[in-house]
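One-letter residues, chain by chain:
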Amino acid sequence: MPRWEQHTAAARRSLFWNARMERMPRAELDALHLAKLRGLVAFVYERSPFYRRKFDERGLKPRHIATLDDYKRLVPLTDKQDFICLQSERPPYGDTLALPFDLVAHHVETSGSTGLPLAIPLSAYDTERYGESWTYGFWAHGIRPEDSFYFAFNWGNFAGFWSCYYGARRMGCRVISGGGADSQGHIKNILRLKPTVLISTPTFALRLATVAKEMGVDLRGSSIRFTYHAGEPGPFALPAMKRQIDEAWGADSGELLGIAEIEAFAPGCPERDGVHVNEMNVFTWSMNPATGAEVGDGEVGENIITSYTNSAQPLLNYRSHDLVRSVGGCACGRTWRKLPGVVLGRTDFMVTVRGTNVYQTAVENLLGEHTGVSPFFQLVLEHADGNDRMTVEFEPDPAVARADWDALARAVGDRIHKALHVRLEVNPMAPGTLPRYDLKTKRIIDKRPKELRRELDR
């Protein structure tokens, strides 16, 4: 076998899309980060009116950034609301652009699930880098260029799956768009066109499985070998959800953590228990959201992100409001920072019920593991008498008799109490009454006063 063929065969067996970068020693990674950050700070100070104004308010010059600690301490934090306000005042992008307007090659937006959508301008370079971020996770999951992707959603301007499309193209895979098909249409398309990879939000994969069952279709016999998900907590954050998806589809489900305005920045770990920060494309550190101080390795903190791939609208020290536990080292061999359990909660959706911190993902895991509970549920947040309240509303599995719903709700409540040491109200809802979503599923229904939500979101 010629040497180039030997190299190609070995590469295909590897877990890594780019082994040199994914296994780079920490000292080299940190040196690379510092060089990139110093260049980025100089770039935005020269090109972006928004950042020049932010820096000048602090008397900060690019030359002041000599270490990674300097960057974390001195570069001001930014937030989604900063950009939304500027875009509202001067649409479409305010004064945040760092490139000429005619270099914006693709306009996308956030889903708007927590408020107004954020406009995201991407240069041609940005779209290519954004797309390749997905390939690290695809490759580690076992997906290869001969696979074909089925995108089960209506494209619109939603940034997340547009970047996934660019990732599939980067790998050379066949791409099939589900377009505006309804759930039955997606099932029929998959059976007819025989893709091997399903791309969707995780809850929509479960919804498709429910519809297929109603149609008399066993998806375990379909062509799908992999499902890959983003947009909401998925298989590597919620083990119970992974089991449900894998069993329903007879496939191996995977996950990527992304933030639309940042990029697809955290591909799934080959160990299937979390994601890794793509340290070629972003720099992250974790902050105590109450004090602003950096938290240590393995401690829960808010993920603060800087993207190297957003040349049109740069994002520096950007508050994600995602609570994560960041650790170094992994059995898979990647040296990139790992986020076990992916996102553990949100700074705006972590509630304190009678002195106990309750995270959305913890409740989701418990519900997913309980027999008789369907994938359709929501968590209702309220505030009364100076305290937060969380109520669980769920649909029992259709196989559960109506006379058994209350007993099931009590059993779910007892399980939550035993695991989280807090008693939540649990209400069964008639099957089919809770909302269904094609993209992000809205699990949190926040009925707390608006001013309180702003306080928690700062």
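The present account deals with the structure reproduced in this document. (Residues numbered from 1 in each chain as written. Predicted model: local features only at pLDDT ≥ 70, side-chain atom pairs only at ≥ 80, totals over all residues. Heavy atoms only, no water.)

## A short note on the overall build of the protein
Here comes step 1: Across its full length, the protein carries 14 helices and 20 strands.
Here comes step 2: Taken over the C-alpha trace, the protein has a radius of gyration of 22 Å; the compact-globule value for 458 residues is 23 Å, and the two agree within 12%.
Here comes step 3: Considered along the principal axes of its C-alpha atoms, the protein spans approximately 70 × 70 × 45 Å.
Here comes step 4: Looking at the 458 residues of the protein, the share that counts as buried comes to 54%.
Here comes step 5: For the protein, restricting intrachain contacts to residue pairs at least 6 apart in sequence, the fraction spanning at least 24 positions comes to 69%.
Here comes step 6: Accessible area for the protein stands at about 19500 Å²; split by element, carbon and sulfur atoms hold 52% of it.
Here comes step 7: Looking at charge distribution, the protein has the averaged site of its 57 positive side-chain charges lying 3 Å from that of its 56 negative ones. (Helix = DSSP H or I, 4+ residues; strand = E, 2+ residues; numbered from the N terminus. Rg over C-alpha atoms; globule rule 2.2 N^0.38 Å. Buried < 20%, exposed > 50% of the residue type's maximum accessible area, 1.4 Å probe, protein only. Contact = heavy atoms within 4.5 Å. Areas by Shrake-Rupley, 256 points an atom, 1.4 Å probe, with all protein chains shown as cover. Lys, Arg positive; Asp, Glu negative; His and termini not counted. Charge placed at Lys NZ, Arg CZ, Asp CG, Glu CD.)

## So, the nonpolar core
Here comes step 1: Counting 60 residues, the largest nonpolar core has Phe55, Leu198, Trp249 and Leu316 as the members making the most contacts within it.
Here comes step 2: With six residues, helix α10 (residues 202–214) is the largest single contributor of residues to this core.
Here comes step 3: Setting aside its immediate chain neighbours within four residues, Phe55 contacts Val41, Val44, Tyr45, Leu60, Val75, Pro76 and Leu316.
Here comes step 4: In this structure, Trp134, Ala159, Phe161 and Leu256 belong to the second largest nonpolar core, which totals 28 residues. (Core = buried A, V, L, I, M, F, W, Y, C linked by side-chain atoms within 4.5 Å.)

## Some words on unusual backbone geometry
Here comes step 1: Residue Pro92 follows Pro91 across a cis peptide bond; omega there is 5°.
Here comes step 2: Looking at where Pro92 falls in the secondary structure, it is placed in the loop between α6 (80–89) and β1 (106–109).
Here comes step 3: A positive phi angle is found at Asn317, which is not glycine, with a value near 45°.
Here comes step 4: Looking at the element boundaries, Asn317 is found in the loop between β11 (300–307) and β12 (318–325).
Here comes step 5: Positive phi, normally seen in glycine, also occurs at His421, with a value near 60°.
Here comes step 6: Positionally, His421 belongs in the loop between α13 (405–420) and β19 (425–428).

## A few points about the packing of aromatic side chains
For any pair of aromatic rings, geometry is given as the distance between the ring centres together with the angle between the planes.
Here comes step 1: Tallied over the entire structure, the rule returns 19 aromatic pairs.
Here comes step 2: Between Phe83 and Tyr318, the aromatic rings sit 6.2 Å apart at their centres with planes inclined by 55°, giving tilted as the arrangement. Within this pair, whereas Phe83 is found in helix α6, its partner Tyr318 is found in strand β12, the two being separated by 235 residues in sequence.
Here comes step 3: Aromatic pair Phe149 and Phe151: ring centres 6.2 Å apart, planes at 25°, arrangement stacked. For the pair shown, Phe149 and Phe151 are each scored as buried.
Here comes step 4: Each member of the aromatic cluster is reached from another via a ring pair, and the members are Trp134, Phe138, Phe149, Phe151, Phe153, Phe161 and Tyr228.
Here comes step 5: The cationic tip of Arg144 hangs over the ring face of Trp139; the distance from NZ or CZ to the ring centre is 3.8 Å.
Here comes step 6: Between the NZ or CZ atom of Arg443 and the centre of the ring of Phe377, over which it lies, the distance is 3.8 Å. (Phe/Tyr/Trp six-rings, centres within 6.5 Å; stacked < 30°, edge-to-face > 60°. Lys NZ or Arg CZ within 6 Å of the ring centre and 35° of its normal.)

## Some words on the sheet that holds strand β17 (residues 373–384)
Here comes step 1: If you trace the four strands from one edge of the open sheet to the other, you get β19-β18-β17-β20, paired in mixed fashion. Either end of the sheet is taken by a strand with one partner, and the two such strands are β19 and β20 (444–446). Between one strand and the next, the sheet's axes are offset by a mean angle of 25°, whatever the strand orientation.
Here comes step 2: Direction of pairing for β17 relative to β20: parallel, over a ladder of three bridges. If you follow Leu379 over to β20, its bridge partner there is Ile444. (Pairing = 2+ DSSP bridges. Axes fitted to C-alpha atoms, helices over the stretch in contact; angles between N-to-C directions.)

## Description of the sheet that holds β11
Here comes step 1: In space, the four strands of this open sheet follow the order β10-β11-β12-β14, with antiparallel pairing throughout. Whereas interior strands pair on both sides, the edge strands pair on one side only; in this sheet they are β10 (282–287) and β14 (345–346).
Here comes step 2: Bridge count between β10 and β11: six bridges; the pairing is antiparallel. The partner of Ser286 across the bridge, within β11, is Asn303.

## Remarks on the side chain of Thr306
Here comes step 1: Secondary-structure assignment places Thr306 in strand β11.
Here comes step 2: For Thr306, a relative accessible area of 0% corresponds to the buried category.
Here comes step 3: Within the structure, the side chain of Thr306 is placed 2.6 Å from the side chain of Tyr71, a separation counted as a polar contact.
Here comes step 4: Polar contacts involving the side chain of Thr306 include one to the main-chain amide nitrogen of Asn317, which spans 2.9 Å.
Here comes step 5: When residues no more than four places from it in sequence are discounted, the contact partners of Thr306 are Leu37, Leu40, Tyr71, Asn281, Val282, Phe283, Leu315, Leu316 and Asn317. (Polar contact = N/O pair within 3.5 Å; in protein donor to acceptor, adjacent residues only side chain to side chain.)

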